[in-house]
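One-letter residues, chain by chain:
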Amino acid sequence: MATDPDTPATPASFEDREKAMTDAARSGPNTYARGCKALRAELDKTPLPESMQARVDESDVAKLGGPAHPPITATGRVRLPDSLAALKQSAVCDLVFDIDETGTPRQPEARCSDPAFEAHALAALAEYRFEPYTLNGKALPVSGVIMPMEFCIND
């Protein structure tokens, strides 16, 4: 089923698109709906908060190789709260978190183009499960994973 970038993203379509783009780098080809493209460009111009950048810089992910974030194996159905839906605006976020041996995200931090979306981004991430990183066939916890998240609507 193809997704139309001009169609507002619901949490379900976001999750489906996110699953399909797990191998795309944050700065790779544009996967954002038109309403989010400018927001992503602006957010990418600003540095991550110091605490988040330190975690990425000290990340275990680079030592293990592989994708910036591993494939997503499960997502929940987190509904956009009415208070955010009422804003009728898009937001893009960067999430930095650790992944334990079971693929569960731990100690997440978020920064979003609109700070009102940060708590929702963290709630959505809490419902995700990832394929654990492995070394010699053994699942390992990793720190400093960075992943984009988007909440896009048509303006």
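Residues numbered from 1 in each chain as written. Predicted model: local features only at pLDDT ≥ 70, side-chain atom pairs only at ≥ 80, totals over all residues. Heavy atoms only, no water.

The next point concerns the nonpolar core. By size, the foremost hydrophobic cluster in this structure holds 23 residues, and its most contacted members are Leu 95, Phe 97, Leu 125, Phe 130, Met 147 and Met 149. Counting only elements with at least two residues in this core, the list comes to strand 2 (91–99), strand 3 (105–112), helix 6 (118–126) and strand 7 (142–151). Sequence-distant contacts of Leu 125, defined by excluding residues within four places in its chain, comprise Leu 95, Phe 97, Pro 105, Pro 108, Phe 130, Met 147 and Met 149. (Core = buried A, V, L, I, M, F, W, Y, C linked by side-chain atoms within 4.5 Å. Buried < 20%, exposed > 50% of the residue type's maximum accessible area, 1.4 Å probe, protein only. Helix = DSSP H or I, 4+ residues; strand = E, 2+ residues; numbered from the N terminus. Contact = heavy atoms within 4.5 Å.)

Evaluation of the coordinates by the stated rule reveals three aromatic pairs. These aromatic residues form a ring-pair network of at least three members: Phe 97, Tyr 128 and Phe 130. (Phe/Tyr/Trp six-rings, centres within 6.5 Å; stacked < 30°, edge-to-face > 60°.)

Locating Asp 94 in the fold gives a position in strand 2. In this structure the C-alpha to C-alpha distance between Asp 94 and Met 147, which are 53 residues apart in sequence, comes to 5.8 Å. Of note is the side chain of Asp 94, whose polar atom sits 2.9 Å from the side chain of Arg 40. (Polar contact = N/O pair within 3.5 Å; in protein donor to acceptor, adjacent residues only side chain to side chain.)

Within the fold, Asp 98 resides in strand 2. In this structure the side chain of Asp 98 is engaged in a polar contact, spanning 3.2 Å, whose partner is the backbone nitrogen of Gly 144. With residues near it in sequence (within four places) discarded, Asp 98 still touches Arg 55, Thr 104, Pro 105, Arg 106, Gln 107, Val 142, Ser 143 and Gly 144.

What follows covers helix 6. Regarding helix 6, the residues found buried are His 120, Ala 121, Ala 124 and Leu 125. Seen from one end, helix 6 has its buried residues packed into an arc of 140°, which puts them on one side. In this structure, the buried residues of helix 6 make contact with helix 5 (82–85), strand 2, strand 3, strand 4 (129–130) and strand 7. (Arc of directions from axis to C-beta.)

Strand order in this open sheet of three strands is 3-2-7, and the pairing throughout is antiparallel. On the outer flanks of this sheet lie strand 3 and strand 7, each paired with one strand and no other. For this sheet, the mean angle separating the axes of adjacent strands, direction not counted, is 20°. Across eight bridges, strand 2 lies against strand 7 in antiparallel orientation. Paired with Leu 95 across the two strands is Met 147, which belongs to strand 7. Against the sheet, helix 6 makes contact with strand 2, strand 3 and strand 7, and its axis sits at roughly 150° relative to strand 3, the strand it touches most. (Pairing = 2+ DSSP bridges. Axes fitted to C-alpha atoms, helices over the stretch in contact; angles between N-to-C directions.)

Another point: the confidence of the model for the protein chain. Mean pLDDT over the protein chain stands at 77; residues scoring 70 or higher make up 75%. Confidence scores differ between elements of the protein chain, with helix 1 (residues 11–20) showing the lowest mean pLDDT of 42 and strand 3 the highest of 96. Low pLDDT, under 50, characterises residues 1–33; the stretch is placed with 54 contacts to residues that sit more than four places away or in other chains. (pLDDT = per-residue confidence, 0-100.)

Structurally, Arg 55 is set in helix 3 (residues 50–57). For Arg 55, a relative accessible area of 19% corresponds to the buried category. Through-space distance from the C-alpha of Arg 55 to that of Phe 97 is 8.3 Å; in sequence the pair is 42 residues apart. For Arg 55, the residues in contact, after removing those within four places along its chain, are Val 96, Phe 97, Asp 98, Arg 106, Gln 107, Pro 108, Glu 109 and Gly 144. Polar contacts involving the side chain of Arg 55 include one to the main-chain carbonyl oxygen of Gln 107, which spans 2.8 Å.

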